[in-house]
Amino acid sequence: MMEQIKKLADFYFNKTVEIAHFLHQHPELSGAEENTAAFICTILEEFKIPFSKHIAGHGIVAQLEGFNPGNKTVALRADMDA
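Small disclaimer: the values here were computed from a predicted structure and weren't measured. (Residues numbered from 1 in each chain as written. Predicted model: local features only at pLDDT ≥ 70, side-chain atom pairs only at ≥ 80, totals over all residues. Heavy atoms only, no water.)

> I would appreciate a short explanation of the overall build of the protein in the present structure.
For the protein, the helix and strand inventory stands at 2 helices and 2 strands. Of the regular secondary structure in the protein, the N- to C-terminal order runs α-α-β-β. For the protein, the C-alpha atoms occupy an extent of roughly 40 × 30 × 20 Å along the three principal directions. When burial is assessed residue by residue, the protein has 13% of its 82 residues classed as buried. The contacts in the protein between residues at least 6 apart in sequence include a share of 36% that link residues at least 24 apart. Distance between charge centroids for the protein: 9 Å, based on 7 positive and 11 negative side chains. (Helix = DSSP H or I, 4+ residues; strand = E, 2+ residues; numbered from the N terminus. Buried < 20%, exposed > 50% of the residue type's maximum accessible area, 1.4 Å probe, protein only. Contact = heavy atoms within 4.5 Å. Lys, Arg positive; Asp, Glu negative; His and termini not counted. Charge placed at Lys NZ, Arg CZ, Asp CG, Glu CD.)

Given below as structure tokens:
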């Protein structure tokens, strides 16, 4: 299992760094994250991850489903403002 996780991490590493660099190069103030939200929606669409947007402004909620129904749920939260 850990070997699978390592392979996936290696596979997505460059894309993750690219996304992080873009976001850090294009900061937006709190409440004005319109371009950041649009960028994140583009990434979610690229990976075919379902999401809802315009949550309390520019917020986004994405949901990743596991393969085994009934497993525990984990929630993550991240701020988008600079």
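More follows now that the structure is in view.
> Would you take a moment to explain the packing of aromatic side chains for this structure?
Aromatic rings in a pair are described by how distant their centres are and how their planes are angled relative to each other. Inspection of every chain in the model, using the stated rule, returns 3 aromatic pairs. In this structure an aromatic cluster arises from ring pairing among F11, Y12 and F47. (Phe/Tyr/Trp six-rings, centres within 6.5 Å; stacked < 30°, edge-to-face > 60°.)

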